[in-house]
Protein chains: 2
Amino acid sequence: MPDPRLSRRHVFGYAGAAGLGGAAGVVAGRATAGSDDAAAQRVGGRTYLAHGDHQSGILTPTPAVGELVAFDLLPSVDRTALGRLMRVWSGDVAALAAGRPVPGDAAPDLAQAGVSLSILIGLGPRVFDLPGLAAARPTGFQEIPPMAHDRLEDRWSGGDLLAWVSADDATSVAHAVRRLTTDAAPFARPRWTQRGSWRPVDADGNPVTGRNLFGQLDGSANPSGETLTATVFSTDGWLAGGTQLVVRRIEMNLATWDELTRDRQERVIGRALDTGAPLTGTAEHDDVDLTAAVDGVPVIAADAHARVAHPSHNSGRRMLRRGLNYTHEEWIDGSWTSSAGLIFTAFQASIADQFIPVQRMLDQGDALNEWTTAIGSAVFVIPPGFAEGAWLAQGLLGD
Amino acid sequence: MPDPRLSRRHVFGYAGAAGLGGAAGVVAGRATAGSDDAAAQRVGGRTYLAHGDHQSGILTPTPAVGELVAFDLLPSVDRTALGRLMRVWSGDVAALAAGRPVPGDAAPDLAQAGVSLSILIGLGPRVFDLPGLAAARPTGFQEIPPMAHDRLEDRWSGGDLLAWVSADDATSVAHAVRRLTTDAAPFARPRWTQRGSWRPVDADGNPVTGRNLFGQLDGSANPSGETLTATVFSTDGWLAGGTQLVVRRIEMNLATWDELTRDRQERVIGRALDTGAPLTGTAEHDDVDLTAAVDGVPVIAADAHARVAHPSHNSGRRMLRRGLNYTHEEWIDGSWTSSAGLIFTAFQASIADQFIPVQRMLDQGDALNEWTTAIGSAVFVIPPGFAEGAWLAQGLLGD
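If you're wondering where the values come from, they're calculated on a predicted model, not measured in any experiment.

Engineer: Help me understand the overall build of chain A in this model?
Structural biologist: Tallying secondary structure elements over chain A gives 10 helices and 14 strands in all. Counting contacts in chain A only where the partners sit at least 6 residues apart, residues at least 24 apart contribute 75% of the total. Roughly 15100 Å² of accessible area belongs to chain A as shown, and the carbon and sulfur atoms make up 51% of that amount.

Engineer: Explanation requested: the environment of valine 43 of chain B in the structure shown.
Structural biologist: All names here are of chain B. Relative to the assigned elements, valine 43 resides in the loop between α2 (36-41) and β3 (46-48). On the basis of relative accessibility, which here comes to 3%, the residue valine 43 falls in the buried class. It is 9.9 Å that separates the C-alpha atoms of valine 43 and arginine 199, two residues lying 156 residues apart in sequence.

Engineer: Any chance you could explain the relation of the copies chain A and chain B here in plain terms?
Structural biologist: Here the second copy of the chain follows from the first by a rotation about an axis and a shift along it. For the pair chain A and chain B, the best superposition has an RMSD of 0.0 Å and corresponds to a rotation of 180 degrees with a translation of 0.0 Å parallel to the axis. Both chain copies can therefore be described as sitting about a two-fold axis. Counting the interface residues of chain A, we find that 98% of their copies in chain B are interface residues as well, pointing to one common contact surface.

Engineer: Could you clarify how one ought to interpret the packing of helix α3 (residues 79-98) of chain A against helix α4 (residues 170-184) of chain A in this entry?
Structural biologist: Two packed helices can be described by the angle between their axes and the distance between those axes. All names here are of chain A. The N-to-C vectors of α3 and α4 enclose an angle of 160 degrees; their axes lie 10 Å apart at closest approach. Taken as axis vectors, α3 and α4 run roughly antiparallel relative to one another. Between α3 and α4 lies a crossing of right-handed hand. Within the contact between the two elements, α3 uses Leu85, Val88, Trp89, Asp92 and Leu96 and α4 uses His175, Ala176, Arg179, Leu180, Asp183 and Ala184. Counted by class, the contact of α3 with α4 contains seven nonpolar, one polar and three charged residues.

Engineer: Even after reading the chapter, I still don't get empty space enclosed by the protein, so can you show me in this structure?
Structural biologist: Over the atoms rolls a probe the size of a water molecule, and its path tells where empty space is left. Scanning the model with the defined rule gives six cavities of 30 Å³ or more in all. Taken as a whole, the largest cavity spans an internal volume of roughly 760 Å³. Residue lining of the largest cavity: 41 residues in total, with Arg195 and Thr327 of chain A together with Arg195, Gly196 and Thr327 of chain B positioned closest to the centre.

Engineer: Can you help me understand the packing of aromatic side chains in this one?
Structural biologist: Each aromatic ring pair is summarised here by two numbers: the centre-to-centre distance and the angle between the ring planes. Under the defined criterion, the tally for this structure stands at 18 aromatic pairs over all chains. Judged by centre distance (5.9 Å) and plane angle (70 degrees), the rings of phenylalanine 128 of chain B and phenylalanine 141 of chain B are edge-to-face. On the criterion of sequence distance, the pair formed by phenylalanine 128 of chain B in the loop between β5 (118-123) and β6 (161-167) and phenylalanine 141 of chain B in the loop between β5 and β6 is long-range, its members being 13 residues apart. The two residues phenylalanine 128 of chain B and phenylalanine 141 of chain B agree in class, both being buried. Aromatic side chains tryptophan 257 of chain B and tryptophan 371 of chain B sit 5.7 Å apart centroid to centroid with 80 degrees between the ring planes, which places their arrangement in the edge-to-face category. Separated by 114 residues along the polypeptide, tryptophan 257 of chain B in helix α6 (residues 254-259) and tryptophan 371 of chain B in the loop between α9 (351-365) and β14 (372-382) bring together distant segments of the chain. Three or more aromatic residues joined by ring pairs form one cluster here, namely Phe128, Phe141 and Trp238 of chain A. Directly above the aromatic system of tryptophan 164 of chain A lies the positively charged group of arginine 322 of chain A, at a separation of 5.5 Å from the ring centroid. The ring of tryptophan 156 of chain B is capped by arginine 249 of chain B, whose NZ or CZ atom sits 3.7 Å from the centre of that ring.

Engineer: What am I meant to see in the side chain of arginine 179 of chain B here?
Structural biologist: Inspection of the secondary structure puts arginine 179 of chain B in helix α4 (residues 170-184). On the accessibility criterion, arginine 179 of chain B (4% relative accessible area) is buried. One polar contact links arginine 179 of chain B to aspartate 258 of chain A, side chain to side chain, over a distance of 3.4 Å.

Engineer: So what exactly am I meant to see when it comes to the interface of chain A and chain B here?
Structural biologist: A common measure of how large an interface is: the accessible area buried when the components associate. With 54 residues of chain A at the interface, the matching set in chain B holds 53 residues. Summing both partners gives a buried area of about 4300 Å² for chain A against chain B, and 51% of it is carried by carbon and sulfur. Along the contact surface separating chain A from chain B lie 10 salt bridges. Put simply, aspartate 258 of chain B and arginine 179 of chain A hold a salt bridge, and the shortest N to O gap is 3.4 Å. Where chain A touches chain B, the interface holds 26 residue pairs in polar contact (both at pLDDT 80 or more). Going through the elements one at a time, α4, β7 (188-197), α6 (254-259), α7 (262-269) and β12 (324-332) of chain A are the ones with two or more residues in the side of chain A that touches chain B. Grouping the amino acids of the side of chain A that touches chain B by side-chain chemistry returns 21 nonpolar, 15 polar and 18 charged.

Engineer: What exactly am I supposed to notice about the nonpolar core here?
Structural biologist: Soluble, globular proteins show a tendency: their nonpolar side chains are buried together. The biggest cluster of nonpolar side chains holds 104 residues, and the ones touching the most others in it are Met86, Trp89, Leu123 and Leu161 of chain B. Core analysis: the second largest hydrophobic core is formed by 102 residues, Leu180, Ile351, Phe355 and Val379 of chain A among them.

Engineer: Mind showing me how you'd approach the pairing of strand β8 (residues 243-252) of chain A here?
Structural biologist: A regular strand carries its side chains on alternate faces of the sheet. Residues and elements named next belong to chain A. Judged by how many residues are buried, β8 sits mostly within the fold: nine of 10 residues are covered. For β8 and strand β13 (residues 335-348), the ladder comprises eight bridges, and the chain directions are antiparallel. By the bridge assignment, arginine 248 is partnered in β13 with phenylalanine 344.

Procedures and definitions
- Residues numbered from 1 in each chain as written.
- Chains lettered and ligands numbered in written order.
- Predicted model: local features only at pLDDT ≥ 70, side-chain atom pairs only at ≥ 80, totals over all residues.
- Heavy atoms only, no water.
- Helix = DSSP H or I, 4+ residues; strand = E, 2+ residues; numbered from the N terminus.
- Contact = heavy atoms within 4.5 Å.
- Areas by Shrake-Rupley, 256 points an atom, 1.4 Å probe, with all protein chains shown as cover.
- Buried < 20%, exposed > 50% of the residue type's maximum accessible area, 1.4 Å probe, protein only.
- Least-squares fit on C-alpha atoms with pLDDT ≥ 70 in both.
- Axes fitted to C-alpha atoms, helices over the stretch in contact; angles between N-to-C directions.
- Parallel < 35°, antiparallel > 145°, perpendicular 65-115°, else oblique.
- Left-handed = near helix turned anticlockwise from the far one by under 90°.
- Nonpolar A, V, L, I, M, F, W, Y, C, P; charged D, E, K, R; others polar.
- 1 Å grid on protein atoms, 1.4 Å probe; cavity = no way out; pocket = protein on both sides within 12 Å on 5 of 7 lines; lining within 4 Å.
- Points joined across faces, edges and corners; volume = space filled by probe spheres on them.
- Phe/Tyr/Trp six-rings, centres within 6.5 Å; stacked < 30°, edge-to-face > 60°.
- Lys NZ or Arg CZ within 6 Å of the ring centre and 35° of its normal.
- Polar contact = N/O pair within 3.5 Å; in protein donor to acceptor, adjacent residues only side chain to side chain.
- Buried area = accessible area lost by both parts, 1.4 Å probe.
- Salt bridge = Lys/Arg side-chain N within 4 Å of Asp/Glu carboxyl O.
- Core = buried A, V, L, I, M, F, W, Y, C linked by side-chain atoms within 4.5 Å.
- Pairing = 2+ DSSP bridges.

Everything listed here is a matter of coordinates, which is why it stays silent on function.
Structure (structure tokens):
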């Protein structure tokens, strides 16, 4: 039953909101004095209904706040018990996205519509080690093999389940995380939490790609239209309409990056910092011309990030990026230590065919490696969306 | 010179935006399809110009993200050097609030208008120990004496300077903090950082009081109009137009709070959770009737927070609250530990006359103490606002 608080006049598909095609969800914008067109432009203040062909939180625009929580399954949890958790979480996801408290919610007044809340649920590798599930392990789903530049820490890596909550504000996110964690307690306990932020609009409120803490537009090369659908979504058995997710915690050395000249920074990236345009073009979404040269010197350097990550450098391989910036302080040996970076995330139909070969190229040849270090790594299968009355991963765990 | 990106049509005083009087700053709303009235309703997407009688970040509505950074002065810093830092920071504050990079900004593309950014600068107690400044210590400015329920940690307490950055998103905040910290490096280094969030609007985008992680509307008793001005702003010498700030990190035991019945929670607070109305009224801003009784039993219990904190229980003493919710994870002895709470902040003309006596009453008699513990404490003098061409604390540090 539609939430009566959501005015019909403001219900529309979100495809127009961020220029992403293939969207199945339905979105309600907060009632404003503006027109529906103006409402469609906004990224914040939305209500993303949970049901559809795909889960919310993949194609929906990245709002200001994201929190990823990985869980470890308790040893007693089998296929049946995991199915029970997925049924509970499916109800939670639908309620919280619509702004309703979950059953038994201890803080029901914190549930609120119009906060751009979405909850993306994922399954880690060990799920497919459970008795009866080995045959259902999706093709291409695997851990990321060690890379030369990795300095991985166990405390930021792995996990049997993922709940990725996004919203306009961290109080709404904290409430959703608390509900999901409480309801998961008989089945799983938190392994790690990563919080990040994004600035998805320009000064006029128009959706933009957003910038990482190097100041770089991050995600300019994301696919759109039919390419997006083919890049992201699986067509493989129970996972059809779902996807595979890589989460990497990338520490960024802001101190040494800041010491570079702007010209040097742009050559490392292969793009202009202000517009995000490739150094061979004038606008963010211009094609990167890998053949362009001046006096025999390539305009996009051999080790520029934009070259090494480019699909034509990688047999056409692509992924959908949806990063979050983080800053983090730790109390170590009696003093505070600060760090900053990017919660790198990439959606693709197959981790083995897409992320891993591209990451191998970057690990070997990306100039950015001098200022970036992966300190965490995790992979999750993202089940397809679910219809009302159905539940997440029912195709995997249902009878 | 006004920023040309700020349309004159959308420049207006912010007094109408949040119902707070006494505002001196000027605000520009992001251009939208709506009317000026609709823009005036919004809390996000604003541009708060830095100059005025009071610093921004006191009366301006609390946006989604806040980060408080306390600094320790380096031993070599004297009155003259502190004045140099205040001049540098004053330029930074004005630039960043308007969406402009600071001089030498290593990530100029992260500066952006329309992100509701404000930066509030404060001076800690040790500033008035510097040679030549003892006589300028404001009346009533002092550390908070130990309270029975405190469990203070040095790592969340104290500080010689404060920079409190507020904005709609943490990426904009992180950029401002990085610039302020970099420019402060010759004079001061960070002592602690506290990050928090607030949800300042309802589902329709209208400004509301906002809720803490207990689900409680937090700040309902804030003063308004002339009472607000008299409560908050000093009339004392160089500090006239400035104020005094208390920052307390209050850990909240969500697990045991969640176990209470809703009825019990409401009796502890003395207010209804959904509307925030006192148990003797029907709306959030109804007067709390401390005399009301049913069958001889007070409706607002003797130890209810709303009674013990009430001005009539405290010889009329008031303060202006502007809290932020936090959640925090720490890696301790090989595992993650989670905590949550409130970055409690209170502005008043005199800490000695306002915060301290009220806090003594709460420490002795507030039922909420069972679920809350102060783990950090700091106090700062908040200099008055500054005009273009002038600088922060010039009345204290200028020749």
